[in-house]
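Structural characterization, general
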Amino acid sequence: MNRVVQKTVVSILMLVISTVIFWVPFYFVIINSFKSPTKAADMSMAWPDSFHIVENYRAVLQAADHMLVRAFYNSTLLTVLSIAGLVIVSSLAGFVLQRREKGRGAATLNFLVLAGLMIPPAVVPTIWVLNSVGLFKTLPGLTLVEIALHFPFCAILYKAFTATIPRDIDESAFIDGCGGFKLFTHIIFPLLKPVSSTIIIIQSVSVFNDFVNPLYFLPGSENATVQLTLYNFMSMYITSWNLLFADVVLISIPPLILFIFFNKKIVAGMTAGSVKG
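Residues numbered from 1 in each chain as written. Predicted model: local features only at pLDDT ≥ 70, side-chain atom pairs only at ≥ 80, totals over all residues. Heavy atoms only, no water.

Per an unreviewed UniProt entry, the recorded name for the protein chain is Carbohydrate ABC transporter permease, and the organism is Paenibacillus vulneris. On record in UniProt, under Sequence similarities (unreviewed entry), the comment for the protein chain is "Belongs to the binding-protein-dependent transport system permease family." Taken verbatim from the UniProt record of the protein chain, the Subcellular location (unreviewed entry) comment is "Cell membrane". (UniProt positions renumbered as here; feature names shortened; annotations may be inferred.)

Below, the structure written as C-alpha coordinates:
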(Lines give C-alpha, C1' and ligand atoms only; values in the text may rest on other atoms or scores of the structure.)
Protein backbone atom coordinates (compact mmCIF):
# COMPACT_ATOMS: atom_id res chain seq x y z
CA MET A 1 0.00 0.00 0.00
CA ASN A 2 2.85 2.35 0.81
CA ARG A 3 4.35 1.72 -2.60
CA VAL A 4 1.06 2.60 -4.27
CA VAL A 5 0.86 5.82 -2.25
CA GLN A 6 4.43 6.69 -3.16
CA LYS A 7 3.74 6.18 -6.86
CA THR A 8 0.62 8.33 -6.60
CA VAL A 9 2.48 11.12 -4.84
CA VAL A 10 5.31 11.02 -7.39
CA SER A 11 2.83 11.08 -10.28
CA ILE A 12 0.98 14.07 -8.84
CA LEU A 13 4.28 15.85 -8.16
CA MET A 14 5.51 15.30 -11.71
CA LEU A 15 2.17 16.49 -13.07
CA VAL A 16 2.41 19.69 -11.05
CA ILE A 17 6.00 20.29 -12.16
CA SER A 18 5.19 19.72 -15.84
CA THR A 19 2.21 22.05 -15.54
CA VAL A 20 4.35 24.80 -14.06
CA ILE A 21 7.15 24.35 -16.60
CA PHE A 22 5.11 23.92 -19.78
CA TRP A 23 1.50 24.99 -19.42
CA VAL A 24 1.88 28.11 -17.28
CA PRO A 25 4.11 29.88 -19.89
CA PHE A 26 1.76 28.73 -22.65
CA TYR A 27 -1.21 30.16 -20.74
CA PHE A 28 0.74 33.39 -20.20
CA VAL A 29 1.36 33.79 -23.95
CA ILE A 30 -2.21 32.97 -24.96
CA ILE A 31 -3.92 35.18 -22.39
CA ASN A 32 -1.73 38.17 -23.25
CA SER A 33 -2.42 37.71 -26.95
CA PHE A 34 -6.08 38.46 -26.15
CA LYS A 35 -5.36 41.78 -24.41
CA SER A 36 -5.05 45.38 -25.50
CA PRO A 37 -1.54 46.82 -26.06
CA THR A 38 -1.45 48.57 -22.69
CA LYS A 39 -2.71 45.57 -20.72
CA ALA A 40 -0.34 43.17 -22.49
CA ALA A 41 2.58 45.47 -21.66
CA ASP A 42 1.91 44.83 -17.96
CA MET A 43 3.12 41.23 -18.44
CA SER A 44 0.60 39.87 -15.99
CA MET A 45 -1.31 36.61 -15.96
CA ALA A 46 -4.55 38.35 -15.02
CA TRP A 47 -7.69 37.68 -17.03
CA PRO A 48 -8.21 40.49 -19.60
CA ASP A 49 -10.83 43.14 -18.89
CA SER A 50 -11.81 43.12 -22.55
CA PHE A 51 -10.90 40.67 -25.30
CA HIS A 52 -9.23 41.79 -28.52
CA ILE A 53 -8.84 38.39 -30.14
CA VAL A 54 -10.07 39.20 -33.64
CA GLU A 55 -8.28 42.56 -33.82
CA ASN A 56 -4.95 41.20 -32.60
CA TYR A 57 -4.82 38.12 -34.80
CA ARG A 58 -6.06 40.01 -37.84
CA ALA A 59 -3.35 42.62 -37.30
CA VAL A 60 -0.71 39.89 -37.09
CA LEU A 61 -1.85 38.24 -40.31
CA GLN A 62 -2.02 41.56 -42.17
CA ALA A 63 1.23 43.06 -40.81
CA ALA A 64 3.95 44.02 -43.31
CA ASP A 65 1.78 43.17 -46.32
CA HIS A 66 0.80 39.70 -45.03
CA MET A 67 4.39 38.74 -44.22
CA LEU A 68 3.28 35.95 -41.88
CA VAL A 69 1.45 34.21 -44.71
CA ARG A 70 4.56 34.34 -46.91
CA ALA A 71 6.65 33.22 -43.95
CA PHE A 72 4.48 30.14 -43.43
CA TYR A 73 4.96 29.25 -47.10
CA ASN A 74 8.74 29.77 -46.91
CA SER A 75 9.08 27.78 -43.68
CA THR A 76 6.92 24.94 -44.96
CA LEU A 77 8.86 24.68 -48.23
CA LEU A 78 12.17 24.88 -46.37
CA THR A 79 11.08 22.17 -43.95
CA VAL A 80 9.84 19.78 -46.65
CA LEU A 81 12.97 20.14 -48.80
CA SER A 82 15.34 19.89 -45.84
CA ILE A 83 13.69 16.82 -44.34
CA ALA A 84 13.49 15.05 -47.69
CA GLY A 85 17.19 15.60 -48.33
CA LEU A 86 18.08 14.79 -44.73
CA VAL A 87 16.28 11.45 -44.72
CA ILE A 88 17.86 10.37 -48.02
CA VAL A 89 21.42 11.42 -47.19
CA SER A 90 21.40 10.35 -43.53
CA SER A 91 19.83 6.94 -44.14
CA LEU A 92 22.40 6.13 -46.82
CA ALA A 93 25.25 7.31 -44.60
CA GLY A 94 23.96 5.45 -41.54
CA PHE A 95 23.62 2.23 -43.52
CA VAL A 96 27.15 2.47 -44.92
CA LEU A 97 28.68 3.46 -41.58
CA GLN A 98 27.10 0.51 -39.81
CA ARG A 99 27.72 -2.15 -42.44
CA ARG A 100 31.34 -1.09 -42.91
CA GLU A 101 32.13 -0.16 -39.32
CA LYS A 102 35.17 -2.51 -39.37
CA GLY A 103 36.39 -1.47 -42.79
CA ARG A 104 39.27 0.77 -43.78
CA GLY A 105 38.71 4.39 -42.83
CA ALA A 106 35.59 3.58 -40.79
CA ALA A 107 37.05 5.06 -37.62
CA THR A 108 37.87 8.30 -39.42
CA LEU A 109 34.38 8.57 -40.89
CA ASN A 110 32.77 7.94 -37.51
CA PHE A 111 35.00 10.57 -35.93
CA LEU A 112 34.02 13.12 -38.59
CA VAL A 113 30.32 12.45 -38.01
CA LEU A 114 30.73 12.80 -34.24
CA ALA A 115 32.78 15.96 -34.74
CA GLY A 116 29.81 17.44 -36.57
CA LEU A 117 27.85 17.21 -33.32
CA MET A 118 30.53 18.95 -31.25
CA ILE A 119 32.06 21.59 -33.51
CA PRO A 120 29.90 24.73 -33.83
CA PRO A 121 29.11 25.92 -37.37
CA ALA A 122 31.22 28.71 -38.84
CA VAL A 123 28.86 31.39 -40.11
CA VAL A 124 31.20 33.66 -42.07
CA PRO A 125 32.98 30.89 -44.05
CA THR A 126 29.61 29.30 -44.81
CA ILE A 127 28.29 32.61 -46.16
CA TRP A 128 31.45 32.95 -48.28
CA VAL A 129 30.99 29.46 -49.73
CA LEU A 130 27.30 30.00 -50.46
CA ASN A 131 28.03 33.37 -52.05
CA SER A 132 30.78 31.80 -54.20
CA VAL A 133 28.37 29.25 -55.70
CA GLY A 134 25.48 31.70 -55.99
CA LEU A 135 23.33 30.17 -53.25
CA PHE A 136 23.50 32.90 -50.62
CA LYS A 137 20.10 34.47 -49.88
CA THR A 138 18.38 31.55 -51.65
CA LEU A 139 16.13 28.80 -50.32
CA PRO A 140 18.25 25.99 -51.84
CA GLY A 141 21.31 27.40 -50.08
CA LEU A 142 19.58 27.48 -46.70
CA THR A 143 18.24 23.98 -47.36
CA LEU A 144 21.78 22.67 -47.81
CA VAL A 145 22.83 24.38 -44.57
CA GLU A 146 19.97 22.77 -42.63
CA ILE A 147 20.80 19.35 -44.06
CA ALA A 148 24.47 19.72 -43.16
CA LEU A 149 23.79 20.88 -39.59
CA HIS A 150 21.30 18.10 -38.79
CA PHE A 151 23.11 15.34 -40.67
CA PRO A 152 25.37 14.03 -37.85
CA PHE A 153 22.55 13.43 -35.37
CA CYS A 154 20.33 11.74 -37.96
CA ALA A 155 23.16 9.59 -39.34
CA ILE A 156 23.94 8.29 -35.85
CA LEU A 157 20.28 7.39 -35.29
CA TYR A 158 20.11 5.55 -38.61
CA LYS A 159 23.36 3.74 -37.86
CA ALA A 160 22.06 2.55 -34.47
CA PHE A 161 18.80 1.33 -35.97
CA THR A 162 20.53 -0.38 -38.91
CA ALA A 163 22.50 -2.45 -36.39
CA THR A 164 19.22 -4.17 -35.43
CA ILE A 165 18.72 -5.42 -39.01
CA PRO A 166 20.45 -8.80 -39.48
CA ARG A 167 23.28 -8.95 -42.01
CA ASP A 168 21.77 -12.21 -43.26
CA ILE A 169 19.26 -10.10 -45.16
CA ASP A 170 22.08 -8.43 -47.06
CA GLU A 171 23.73 -11.75 -47.89
CA SER A 172 20.47 -13.30 -49.08
CA ALA A 173 19.80 -10.29 -51.29
CA PHE A 174 23.27 -10.45 -52.84
CA ILE A 175 22.87 -14.19 -53.52
CA ASP A 176 19.63 -13.43 -55.36
CA GLY A 177 21.51 -10.96 -57.57
CA CYS A 178 20.48 -7.76 -55.81
CA GLY A 179 22.92 -4.85 -56.08
CA GLY A 180 23.95 -2.57 -53.22
CA PHE A 181 21.68 0.33 -54.17
CA LYS A 182 18.70 -1.92 -54.85
CA LEU A 183 19.32 -3.69 -51.54
CA PHE A 184 19.06 -0.39 -49.70
CA THR A 185 16.09 1.10 -51.55
CA HIS A 186 13.95 -2.05 -51.74
CA ILE A 187 14.83 -3.92 -48.53
CA ILE A 188 16.72 -1.86 -45.95
CA PHE A 189 15.05 1.55 -46.27
CA PRO A 190 11.48 0.23 -45.74
CA LEU A 191 12.73 -1.40 -42.52
CA LEU A 192 13.97 1.99 -41.32
CA LYS A 193 10.44 3.38 -41.13
CA PRO A 194 10.30 3.75 -37.29
CA VAL A 195 13.48 5.82 -37.04
CA SER A 196 12.59 7.72 -40.22
CA SER A 197 9.29 8.76 -38.62
CA THR A 198 11.13 9.99 -35.54
CA ILE A 199 13.65 11.97 -37.58
CA ILE A 200 10.95 13.51 -39.76
CA ILE A 201 8.96 14.73 -36.75
CA ILE A 202 11.85 15.97 -34.60
CA GLN A 203 13.79 17.63 -37.39
CA SER A 204 10.65 19.14 -38.94
CA VAL A 205 10.00 20.99 -35.70
CA SER A 206 13.66 22.01 -35.47
CA VAL A 207 13.85 23.36 -39.03
CA PHE A 208 10.43 25.00 -38.87
CA ASN A 209 11.34 26.80 -35.64
CA ASP A 210 14.87 27.72 -36.71
CA PHE A 211 15.65 31.38 -36.12
CA VAL A 212 19.42 31.78 -36.46
CA ASN A 213 20.10 30.13 -39.81
CA PRO A 214 17.40 32.00 -41.79
CA LEU A 215 18.59 35.22 -40.14
CA TYR A 216 22.16 34.66 -41.37
CA PHE A 217 21.74 32.80 -44.64
CA LEU A 218 18.35 33.97 -45.97
CA PRO A 219 18.07 37.70 -45.13
CA GLY A 220 15.40 39.93 -46.63
CA SER A 221 11.75 40.58 -45.85
CA GLU A 222 10.59 38.61 -48.90
CA ASN A 223 12.49 35.57 -47.57
CA ALA A 224 11.19 35.76 -44.00
CA THR A 225 10.44 32.55 -42.13
CA VAL A 226 7.91 32.27 -39.31
CA GLN A 227 10.40 32.94 -36.51
CA LEU A 228 11.70 36.09 -38.19
CA THR A 229 8.19 37.59 -38.27
CA LEU A 230 8.61 38.27 -34.53
CA TYR A 231 10.69 41.28 -35.58
CA ASN A 232 7.54 42.86 -37.02
CA PHE A 233 6.26 43.72 -33.56
CA MET A 234 9.51 44.58 -31.80
CA SER A 235 11.44 47.83 -31.93
CA MET A 236 13.83 49.90 -29.83
CA TYR A 237 11.09 52.20 -28.56
CA ILE A 238 7.74 50.41 -28.70
CA THR A 239 7.00 46.68 -28.65
CA SER A 240 3.45 45.54 -29.40
CA TRP A 241 3.41 42.74 -26.87
CA ASN A 242 -0.17 41.71 -27.62
CA LEU A 243 0.68 41.22 -31.31
CA LEU A 244 4.01 39.58 -30.49
CA PHE A 245 2.27 37.03 -28.28
CA ALA A 246 -0.40 36.45 -30.93
CA ASP A 247 2.35 35.78 -33.47
CA VAL A 248 3.99 33.32 -31.08
CA VAL A 249 0.70 31.46 -30.71
CA LEU A 250 0.19 31.21 -34.48
CA ILE A 251 3.68 29.96 -35.27
CA SER A 252 3.53 27.46 -32.40
CA ILE A 253 0.44 25.68 -33.72
CA PRO A 254 2.08 23.42 -36.40
CA PRO A 255 4.86 22.05 -34.12
CA LEU A 256 2.37 21.57 -31.29
CA ILE A 257 0.07 19.53 -33.54
CA LEU A 258 2.99 17.35 -34.63
CA PHE A 259 3.98 16.57 -31.03
CA ILE A 260 0.42 15.89 -29.90
CA PHE A 261 -0.35 13.36 -32.64
CA PHE A 262 3.07 11.77 -33.14
CA ASN A 263 4.68 11.74 -29.68
CA LYS A 264 4.42 7.94 -29.46
CA LYS A 265 6.27 7.54 -32.76
CA ILE A 266 9.04 9.79 -31.46
CA VAL A 267 9.61 7.61 -28.40
CA ALA A 268 9.33 4.36 -30.39
CA GLY A 269 11.85 5.50 -32.98
CA MET A 270 14.35 6.81 -30.42
CA THR A 271 14.37 3.52 -28.49
CA ALA A 272 14.03 1.09 -31.40
CA GLY A 273 17.76 0.93 -32.09
CA SER A 274 18.90 0.89 -28.47
CA VAL A 275 18.94 -2.91 -28.21
CA LYS A 276 20.63 -5.03 -30.82
CA GLY A 277 19.20 -8.38 -31.77
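1. What about unusual backbone geometry?
Positive phi outside glycine occurs at Asp65, with the angle close to 60 degrees. Here Asp65 shows up in helix H3 (residues 53-99). Overall, the relative accessible area of 61% leaves Asp65 in the exposed class. Located in the positive-phi region is Lys137, a residue other than glycine, with phi close to 65 degrees. Checked against the element boundaries, Lys137 lands in the loop between helix H5 (123-132) and helix H6 (139-162). (Helix = DSSP H or I, 4+ residues; strand = E, 2+ residues; numbered from the N terminus. Buried < 20%, exposed > 50% of the residue type's maximum accessible area, 1.4 Å probe, protein only.)

2. Some words on the layout of surface pockets
As a volume, the largest pocket reaches approximately 350 Å³. What lines the largest pocket is a set of 15 residues, and nearest its centre among them are Pro120, Pro121, Ala122, Ala148 and Leu149. If you list the elements that add at least two residues to the lining of the largest pocket, you get helix H4 (106-118) and H6. In terms of residue count, H6 provides more of the lining of the largest pocket than any other element does, six residues in total. (1 Å grid on protein atoms, 1.4 Å probe; cavity = no way out; pocket = protein on both sides within 12 Å on 5 of 7 lines; lining within 4 Å. Points joined across faces, edges and corners; volume = space filled by probe spheres on them.)

3. Some remarks on the packing of aromatic side chains
Counted under the stated rule, the structure contains eleven aromatic pairs. Where Phe28 meets Phe245, the ring centres are 5.5 Å apart and the plane angle is 75 degrees; that geometry is what we call edge-to-face. Placement of Phe28 in helix H1 (residues 2-33) and of Phe245 in helix H11 (residues 241-272) is noted, with a sequence separation of 217 residues between them. Among the aromatic residues, ring-to-ring pairing joins Phe34, Trp47, Phe51 and Tyr57 into one connected group. (Phe/Tyr/Trp six-rings, centres within 6.5 Å; stacked < 30°, edge-to-face > 60°.)

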